Amino acid sequence: MKILKRVLIVLAALIVTTIIVFIAIYFTRFQTTATIQKITTYEDYNLYRMDIKYDYNIENIINYGITDNQSFVDAVTKEALPFLPVHIDVPDFGCSAFSVKDTNGDNLMGRNYDFKNDSSAMLVYSTPKDGYKSVAFAALDNISANSADSNLKSRLACLTAPFVCLDGMNEKGVSIAVLTLDSEPTKQDSGKPTIATTLAIRLVLDKAATTEEAVELLKKYDMMASSGRDYHFYITDSSGDGRVIEYKLDEGRELVATSVRTVTNFFEIYKDKVKANQHNDNYGHGKERYDAIEEILTKNDGKITTEIAWEALKAASQAPKEDDVTSNTQWSILYDNTDLSAEIVIRRDWDTVTYYDLSANEVN
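Predicted model, so just to flag it, every value in this text is computed and none were measured.

Cut-offs and rules
Residues numbered from 1 in each chain as written. Predicted model: local features only at pLDDT ≥ 70, side-chain atom pairs only at ≥ 80, totals over all residues. Heavy atoms only, no water. Salt bridge = Lys/Arg side-chain N within 4 Å of Asp/Glu carboxyl O. Helix = DSSP H or I, 4+ residues; strand = E, 2+ residues; numbered from the N terminus. Buried < 20%, exposed > 50% of the residue type's maximum accessible area, 1.4 Å probe, protein only. Core = buried A, V, L, I, M, F, W, Y, C linked by side-chain atoms within 4.5 Å. Contact = heavy atoms within 4.5 Å. Pairing = 2+ DSSP bridges.

### Things to note about the pattern of salt bridges
Part 1: On inspection of all chains with the given rule, the structure shows 13 salt bridges.
Part 2: A salt bridge links aspartate 55 to lysine 129, with the shortest nitrogen-to-oxygen separation between them at 3.4 Å. Remark: lysine 129 occurs in the loop between strand 5 (121-126) and strand 6 (134-139) and aspartate 55 occurs in the loop between strand 2 (47-51) and helix 2 (58-63); sequence separation between them is 74 residues.
Part 3: A salt bridge links arginine 243 to glutamate 212, with the shortest nitrogen-to-oxygen separation between them at 2.8 Å. Of this pair, arginine 243 sits in strand 12 (residues 243-247) while glutamate 212 is found in helix 6 (residues 211-218), placing the two residues 31 residues apart along the sequence.
Part 4: Assessed through its relative accessible area of 16%, arginine 243 is described here as buried.

### Considerations on the nonpolar core
Part 1: Membership of the largest hydrophobic core comes to 88 residues, with the highest contact counts inside it found for Met122, Phe137, Ile195, Leu199, Phe233 and Trp331.
Part 2: If one sorts the elements of this core by residue count, helix 5 (residues 197-207) sits on top with 6 residues.
Part 3: With sequence-adjacent residues up to four places away left out, leucine 199 is seen in contact with Ile58, Ile61, Ile62, Ile66, Phe72 and Phe163.
Part 4: Core analysis: the second largest hydrophobic core is formed by 15 residues, Ile308, Ala309, Trp310 and Ala312 among them.

### Comments concerning unusual backbone geometry
Part 1: Positive phi is not limited to glycine here, since serine 227 has a value of about 65°.
Part 2: Overall, serine 227 belongs to the partly exposed group, its relative accessible area being 22%.
Part 3: Located in the positive-phi region is asparagine 328, a residue other than glycine, with phi close to 75°.

### Section: the pairing of strand 8 (residues 175-181)
Part 1: Across the 7 residues of strand 8, 7 count as buried, placing the element largely inside the fold.
Part 2: Burial along strand 8 is two-sided: the residues Ser175, Ala177, Leu179 and Leu181 and Ile176, Val178 and Thr180 are all buried.
Part 3: Two elements, strand 7 (residues 165-170) and strand 8, share 3 bridges in a ladder whose sense is antiparallel. Its bridge partner lying in strand 8, aspartate 167 is registered against alanine 177.
Part 4: Counting the residues in the hairpin turn of strand 7 and strand 8 gives 4 residues, including glycine 173, whose phi is positive at 85°.
Part 5: Sheet analysis places strand 8 next to strand 11 (residues 230-236), joined by 7 bridges and oriented antiparallel. Bridge pairing links threonine 180 to tyrosine 231 in strand 11.

Here it is as structure tokens:
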């Protein structure tokens, strides 16, 4: 009888300890989910916002050992949702992006996120202890949480959002976007720590104060392109330094940073091999959208306004096309890297614009 009592006491102590540990870990995570708000009022797919209140450690994710898509998902869920099983689909995506200086002297980055599946979007505000505060956007369809505030499961899934964002801007005026390519997925193996596609975005937003710093930061890691697709990144900063980060089509997939104004879904380093309105083997596609943006920006050289920048975004936007993964513009954003603001349009509703101020973390 005494032994049974001791066992029961030990079990009770373990249960209490487990509960205390769980509460300690999840208190700030529940604080985070409590900040989820719906910004738009569309019938199905909307823009939401969320402030990250819990302390994440991106090094934990990297040190987990990323070797494939599943290990990346496992690393993210372990950091964001310890003890809880959550399903994440690593996404494919298309898109267009450009950088330009307006008549006020502000450096802007325009960005269309294109993907065949309709998706809600999450505006993710992050203030890491050892990094820069930032705003970034995640496609909620990728974490099965299109109705982010509808139930506990969706709210918890949103805790992974910082690590699956597809574009963003930090307080130093660095903005970054990822765009898909048609080549074989990059998988470097030089012995450096490995990062996956969307983890590169979080690293840059948290750690880079300029485009140059972002380039040098990414060179410290081996890149693993996720979800069976290849990608390149477009990075700009408050000085107007816009570069595309690409991994050459050679055996080592060497990182190359090229200064450019406009990017779509083809390699800038192989631009001479790309034609409009067709897929160009491994070199990519989307030259017609590139040309549409460039025509507007060139025509208005020296007199760019936010209205002109939006004209370029509209010209490169895409309606849904059957069997085209890089069609169907889900969101369009105009980042102002100088005054740290953003204008956001969801799913080509050009008359409804959401304004965001990073310094104040305010939406209107």
